[in-house]
Amino acid sequence: MEVALPRCTGCAHCKDVCPVNVFDLRPREQFAGVVDDPEVAAKFQFRAERSLVVNGPECIVCAACLYECEGECIRILDSEGHEHRSVYK
Ligand code: SF4
Ligand code: SF4
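This text gives an overview of the structure that appears in the document.

About the thresholds
- Residues numbered from 1 in each chain as written.
- Chains lettered and ligands numbered in written order.
- Predicted model: local features only at pLDDT ≥ 70, side-chain atom pairs only at ≥ 80, totals over all residues.
- Pairing = 2+ DSSP bridges.
- Helix = DSSP H or I, 4+ residues; strand = E, 2+ residues; numbered from the N terminus.
- Near = placed C-beta within 6 Å.
- Nonpolar A, V, L, I, M, F, W, Y, C, P; charged D, E, K, R; others polar.

## Notes on the sheet that holds strand β1 (residues 2-3)
Right, on to step 1. Spatially, 3 strands are ordered β1-β4-β5 in an open sheet, and the strand pairing comes out antiparallel. Each of the sheet's edge strands pairs with one partner strand only, and the pair in question is β1 and β5 (83-85).

Have a look at this one:
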């Protein structure tokens with residue numbers, strides 16, 4: 001699984017809802033060279049951090065993060081090879 005960093009606003013919703021602690025928030029300075037996606041920037045405020053996948057294999061594909069991700073930037077490949085993408089409610 002992965003987070004498309006240019007689209008991550010740092011809203012922290014992923015970390016808040018994930019039952020198995022897949023995500024962690026890191027300061028934006030750690031992502032030097034990542035340019036904010038203008039489509040997301042037009043809709044949301046970028047915060048001081050971005051989300052990083054730190055426990056990807058623990059994901060149970062509950063889909064909670066997929067409905068809470070402002071930037072629609074989370075992509076999960078499940079064990080059967082199916083792709084799941086975040087769509088903000
Ligand atoms: S789909 Fe995976 S990463 Fe997302 S909240 Fe559920 S367990 Fe966590
Ligand atoms: S929910 Fe999406 S936009 Fe918000 S911090 Fe997590 S990955 Fe970034």
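Now, onward.
## Some thoughts on the site of ligand 1
Right, on to step 1. Taken together, 13 residues lie near ligand 1, and C18, V22, C59, C62 and C65 sit nearest.
Right, on to step 2. Along the lines of polarity and charge, the residues of the shell around ligand 1 split into 13 nonpolar, no polar and no charged.

## Brief notes about the site of ligand 2
Right, on to step 1. The local shell around ligand 2 holds 15 residues, among which C8, C11, C14, C69 and G71 are the closest.
Right, on to step 2. Of the residues assigned to the shell around ligand 2, the class counts are 8 nonpolar, 5 polar and 2 charged.

## Comments concerning the pairing of strand β4 (residues 74-77)
Right, on to step 1. Where β1 meets β4, 2 bridges bridge the pair, whose relative direction is antiparallel. By the bridge assignment for β4, V3 is matched with I74.
Right, on to step 2. Where β4 and β5 come together, 3 bridges link them in antiparallel fashion. When the bridges of β5 are listed, R75 appears paired with R85.
Right, on to step 3. Turn length for the β4-β5 hairpin, with the two strands adjacent in sequence and antiparallel, is 5 residues, and the turn residue G81 shows positive phi of about 85 degrees.

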